[in-house]
Every structure is written in C-alpha cells, then in structure tokens.
Amino acid sequence: MSNEGIPVKLLYEAEGMKVTVEMKNSEIYRGLLISAEDTMNMTLSDVVRTRRNGQVSKLPSVYLRGGQVRFISLPELLKNAPVFRKVVSMKKKVEAERQSKSGSKRKRD
C-alpha cells in the first residue's frame, strides 16, 4: 500500500493534463504534466514560463523541484477523480462518529 497523501495522488491523476505551477520565486510554468513524483517533483512539456518581470518564454520541457513549488493549479476535471470519493466518504464517517458521541453524552447534575 502506498503512503502518498491526497495531494500527491491528485497530482498523479493530473499526468497527461495541462497544469499551472507557481514557484516560490514567483515564476509561473504552464504545460503538459508528463510525470510526477512523491516529492512533487514534476516534468512538464510544451511549457510557457512567465518570469517575475512578466517576460514570457516557451520551453520544450522543464523539470520542477517539488520543494520549490508554491502551488499547483489543476484542471477542473479532477474534481470528479476517484481519490475525492474516498475523502468524502471518510469525512462523512468522521462526522457520523462525532454526532454519535455527542448524542450519547449525558449531562451531569
């Protein structure tokens, strides 16, 4: 069984789709996500890079280090990804447990 969290699993689901990645140095990369790693390192192809000063350049491919990523914008299509169904069911289970615990508590006199 894998130990990746939900964000990494979602990143894997995005392989083969267009993503936008903002780096900690404020550069923005938009391209096709070719591969991703558990560390959120990723390879993009057909990339448009926008530098902090607004200069735009096209690159055939880039390798981005996960530790330098500020955030990743994924396609809307992924809101229907199977990984989210698991999150929703886990959330409902936790809420049901909370309600059953609060409903079973008695007031002390």
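Residues numbered from 1 in each chain as written. Predicted model: local features only at pLDDT ≥ 70, side-chain atom pairs only at ≥ 80, totals over all residues. Heavy atoms only, no water.

**A closer look at the overall build of the chain**
Counting its regular elements, the chain contains two helices and five strands. The N-to-C order of helical and strand elements in the chain reads α-β-β-β-β-β-α. Out of the 109 residues belonging to the chain, those deemed buried represent 27%. With an accessible surface of roughly 8100 Å², the chain has 51% of that area assigned to carbon and sulfur atoms. (Helix = DSSP H or I, 4+ residues; strand = E, 2+ residues; numbered from the N terminus. Buried < 20%, exposed > 50% of the residue type's maximum accessible area, 1.4 Å probe, protein only. Areas by Shrake-Rupley, 256 points an atom, 1.4 Å probe, with all protein chains shown as cover.)

**Regarding the environment of Lys18**
Within the secondary structure, Lys18 sits in strand β1 (residues 18-23). Between the alpha carbons of Lys18 and Leu74 there is a distance of 7.5 Å; along the sequence they are 56 residues apart. Every residue in contact with Lys18, bar those within four places of it in the chain, is listed here: Arg30, Gly31, Leu32, Asp46 and Pro75. (Contact = heavy atoms within 4.5 Å.)

**Some remarks on the pattern of salt bridges**
Between side chains of opposite charge, pairing is possible as soon as their charged atoms come close. Summed over the entire model, instances satisfying the criterion amount to one salt bridge. Across the pair Arg70 and Glu22 runs a salt bridge, and its minimum N-O distance is 2.5 Å. Pair noted here: Arg70 is in strand β5 (residues 69-73) and Glu22 is in strand β1, with a separation of 48 residues, a long-range link. (Salt bridge = Lys/Arg side-chain N within 4 Å of Asp/Glu carboxyl O.)

**Looking at the sheet that holds β5**
Spatially, the five strands line up as an open sheet ordered β4-β3-β2-β1-β5, and their pairing is antiparallel. In this open sheet, the two strands that pair with only one neighbour each are β4 (56-64) and β5. The average angle at which neighbouring strand axes cross in this sheet is 30 degrees, direction not considered. Sheet analysis places β1 next to strand β2 (residues 28-36), joined by five bridges and oriented antiparallel. Following the sheet pairing, Glu22 is matched in β2 by Ile28. (Pairing = 2+ DSSP bridges. Axes fitted to C-alpha atoms, helices over the stretch in contact; angles between N-to-C directions.)

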